[in-house]
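The lines below spell out each chain.
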Amino acid sequence: MPAVTDFEPGLDWARAQDRADALAAFRGEFCLPPHGDGEQIYLCGNSLGLMPHATRQALADELDDWSRLAVEAHFRGRHPWMPYHGFVREHLAELVGALETEVVAMNSLSVNLHLMLVSFYRPTAQRPAILLEKRAFPSDRYALESQVRFHGFDPAQALIELDGDEANGTISLAAIERALHEHGERIALVLLPGVQYLTGQVFDLAAIVRLAHAKGCLVGFDLAHAVGNVPVDLHDSGCDFAVWCHYKYVNSGPGAVAGCFVHERHAHSERRPRFAGWWGHDQATRFQMGPDFHPTPGADGWQLSNPPILALAPLRVSLEIFHRAGIARLRQKSLALTGYLARLIEHAVPDVLDVLTPAEPQRRGSQLSLRVKGPRDAGRALFEHLSREGIVGDWREPDVIRVAPTALYNRYEDAARFVDAVDRWRAARR
Ligand SMILES: *Cc1c(COP(=O)(O)O)cnc(C)c1O
């Protein structure tokens, strides 16, 4: 594992790493937002990834096909619209470690979560519960709670919430195991993240699935902060379903079409309840427009509508970039880059910032969650100072700054400049 063992503080060492970085050229494929005469130091790819230059042309091509070909672009467009969602399938399957029939790009994350819950949360009087984390992303919690109520159960009884049991609020595998030992027989579904959005903790998907399946629970994952950040092997993890978005690490633009995974073992489960739409109907007979729904085998069978081409074009561009870079190579750089940033913070500004994200490289991705020490106003003041300097992270009340140096477009120099700006802010406050 290429953890950083030796480094020198200062820009010279960082720039030398950048010159030696085999992935450095990918930065040139992205639009870096301007700041003054230069560029922002953008550390916010965990929230909204940067736009690839190629996206503009890909969108222009679709608008052009629409204007020149109109309805015929479904078949004669440069990228015909009829099979369009299939054009992202191969690279998407590669990115999340799935079979091609197990993945589909559709809808948005929260919508896909609901569609998956319709099929895979089937509460009974004996087994009504869902195991989730106490600090789940609000949308996930709302979705789960509303599904519990929809089935006529009481969220106070049916939502079992895992609290962080480790320092900084992270959750150990042992805590998950204890919860399953205690409540397993009552739990219909386990829903956990791949990477926790507040702490940056990476979860061991395969280990969670083994524990939960042993208790007879189904397992779904929300991979919003995992896909494009860390390698995930969805098929081998054995989970029943997963959902994620593509506007964070996958750089497909605001509200981009999201992703959904359904394990092969459910590919032919025609009798499992689902909410159906015509685009999920068996492709061979879809346009016979018959009254009876027969789903396409695999994840495609959960599609409702014909896909939004203008929202899929950016995803096609982004996934092609990931294909060329390779998630394994990106992870290697990410381990080194985030490791460097963590070490630099501990070396240079330990009196200002506390790293909340787990220190073990395999338990974190690109993101570091940083608690700002000191009086109540310190965090906000530091965040605003960084913004004025063109350094973009994101702010979580009451005292946390999240930064994510991404392997595709961030440099070691960005990490060094971030720490340098924190250092200068501290000096100025004295
Ligand atoms: C970003 C994020 C969401 C956002 O949901 P949308 O449906 O895309 O608006 C939901 N859940 C998690 C865990 C997230 O990180």
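What comes next is a walk through the structure. Nothing here was measured: the structure is a model prediction, and the numbers come from that model.

With that out of the way, let us pick up the overall build of the protein chain. When helices and strands are tallied, the protein chain shows 14 helices and 15 strands. Projected onto the principal axes, the alpha-carbon positions of the protein chain cover approximately 75 × 60 × 35 Å. Counting all 430 residues of the protein chain, 55% fall into the buried class. Partitioning the intrachain contacts of the protein chain with sequence separation of at least 6 by distance along the chain shows that 70% fall at a separation of at least 24. Just so you have it, the protein chain exposes about 18400 Å², and 53% of that area is on carbon and sulfur atoms. Charge-centre separation for the protein chain: the mean point of 45 positive side chains lies 2 Å from the mean point of 53 negative side chains.

Read across the open sheet, the 7 strands follow the order β4-β10-β9-β8-β7-β5-β6; overall the sheet is mixed. Looking at which strands have only one partner, the edges of the open sheet turn out to be β4 (103–106) and β6 (159–162). Neighbour to neighbour, the strand axes of the sheet diverge by 20 degrees on average, direction disregarded. Bridge count between β4 and strand β10 (residues 258–262): 4 bridges; the pairing is antiparallel. Note that in β10 the partner of A105 across the bridge is G259. In this fold helix α6 (residues 138–150) packs onto β5 (129–133), β6, β7 (187–193) and β8 (218–222), with an angle of close to 155 degrees to the strand it touches most, β6.

Moving on to the side chain of K333. Within the secondary structure layout, K333 lies in helix α12 (residues 327–348). A polar contact is formed between the side chain of K333 and the backbone oxygen of A407, at a distance of 3.0 Å. Once residues lying within four places of it in the same chain are set aside, the contact partners of K333 are D21, L23, A407, N410 and Y412.

Tallied over the full model, the rule gives 14 aromatic pairs. A ring pair is formed by F7 and W13, whose centres lie 6.4 Å apart and whose planes are at 70 degrees; its orientation type is edge-to-face. Taken individually, F7 and W13 each receive the classification buried, so the pair is uniform in this respect. Considering the side-chain rings of Y42 and Y409, the 6.5 Å spacing of their centres and the 50 degrees angle between planes classify their relative orientation as tilted. Taken together, the residues span a long stretch of sequence, with Y42 in strand β3 (residues 41–42) and Y409 in the loop between β15 (400–403) and α14 (412–429) at a distance of 367 residues. Of the two residues, Y42 and Y409, neither departs from the other in class, the shared state being buried. Grouping aromatic residues by their ring pairs yields a cluster made of F7, W13, Y340 and Y412. It is R274 that lies over the ring of W302; its NZ or CZ is 3.9 Å from the centre. When the ring centre of W279 is taken as origin, the NZ or CZ atom of R286, which lies over that ring, is 4.1 Å away.

With that settled, consider the sheet that holds strand β14 (residues 394–396). If you walk across this open sheet you meet the 4 strands as β11-β12-β15-β14, and the pairing is antiparallel. Edge positions in the open sheet fall to β11 (353–355) and β14, since each of these has one partner strand only. Adjacent strand axes in the sheet meet at a mean angle of 30 degrees, parallel and antiparallel pairs treated alike. Set on the sheet, α12 makes contact with β11, β12 (368–372) and β15; between it and β12 the angle comes to about 15 degrees.

Moving on to the pairing of β10. Counting buried residues along β10, 5 of its 5 residues qualify, which places the element largely inside the surrounding structure. Alternating positions in β10 separate into two faces, A258, C260 and V262 on one and G259 and F261 on the other, with burial throughout. When strand β9 (residues 241–244) meets β10, the two strands line up antiparallel, connected through 4 bridges. Across the sheet, W244 pairs through a bridge with G259, a residue of β10.

Between helix α5 (residues 109–120) and α6, the least distance of the axes is 10 Å, while the angle of their chain directions is 30 degrees. Taken together, the axes of α5 and α6 lie roughly parallel to each other. Viewed along their axes, α5 and α6 form a crossing whose handedness is right-handed. Every residue of α6 that contacts α5 at S110, L113, H114, L117 and V118 is listed here: S139, D140, A143, L144, S146 and Q147. Taken together, the residues that form the contact of α5 with α6 break down as 5 nonpolar, 5 polar and 1 charged.

Let us look at the nonpolar core. Ranked by size, the top nonpolar core spans 69 residues in total, and within it L180, V190, F221, L223, L234, W244 and L408 carry the most contacts. The leading source of residues in this core is helix α11 (residues 309–325), at 9 residues. Among all residues touching L180, those that are not within four sequence positions of it are L131, I187, V190, L211, A212, K215 and C217. Listed in part, the 35 residues of the second largest apolar core include L382, F383, W395 and I401.

Reading guide: rules and limits
- Here, residues in each chain are numbered from 1, in the same order as that chain's written sequence.
- In keeping with the model being predicted, local features are shown solely for residues with a pLDDT of at least 70 and side-chain atom pairs are shown and tallied solely at 80 or more, while totals for entire chains, interfaces and linings include all residues.
- Note that water and hydrogens are dropped before the side-chain values are worked out from all heavy atoms of the structure.
- Only runs of H or I of at least four residues qualify as helices and only runs of E of at least two qualify as strands under DSSP, and these elements are numbered from the N terminus.
- Each residue is placed in one exposure class: buried if its accessible area under a 1.4 Å probe, protein chains only, is under 20% of its type's maximum, exposed if it is over 50%, and partly exposed if it falls in between.
- Two residues form a contact once any of their heavy atoms are found within 4.5 Å.
- Here the Shrake-Rupley method, with its probe set to 1.4 Å, supplies the accessible areas, and only the displayed protein chains count as covering residues.
- Asp and Glu count as negative and Lys and Arg as positive, but His and the ends of the chain are not part of the count.
- To locate a charge, take atom NZ for lysine, CZ for arginine, CG for aspartate or CD for glutamate.
- A strand pair is defined by DSSP finding two or more bridges across the two strands.
- To obtain an axis, a line is fitted to C-alpha atoms, over the contacting stretch when the element is a helix, and the angle between two such axes runs from 0 to 180 degrees between their N-to-C directions.
- Any pair of N or O atoms that falls within 3.5 Å is considered a polar contact. Within protein, one atom must be able to donate a hydrogen and the other to accept it, and sequence-neighbouring residues count only if both atoms are side-chain atoms.
- Classification of ring pairs rests on two measures: the distance between centres of Phe, Tyr or Trp rings, Trp counted by its six-membered ring, which must be within 6.5 Å, and the angle between planes, read as stacked under 30 degrees, edge-to-face over 60 and tilted in between.
- Look at NZ for Lys and CZ for Arg. If either is within 6 Å of the ring centre and within 35 degrees of the ring normal, a charge sits over the ring.
- Orientation categories follow fixed angle ranges, with anything under 35 degrees roughly parallel, anything over 145 roughly antiparallel, 65 to 115 roughly perpendicular, and all other angles oblique.
- Throughout, a crossing is termed right-handed when the near helix is turned clockwise from the far one, and left-handed when it is turned anticlockwise from it by less than a right angle.
- In this classification, the charged set is Asp, Glu, Lys and Arg, the nonpolar set is Ala, Val, Leu, Ile, Met, Phe, Trp, Tyr, Cys and Pro, and all remaining amino acids, among them Gly, are polar.
- Put simply, a nonpolar core is a bunch of buried Ala, Val, Leu, Ile, Met, Phe, Trp, Tyr and Cys residues held in one set by side-chain atoms that sit within 4.5 Å of each other.

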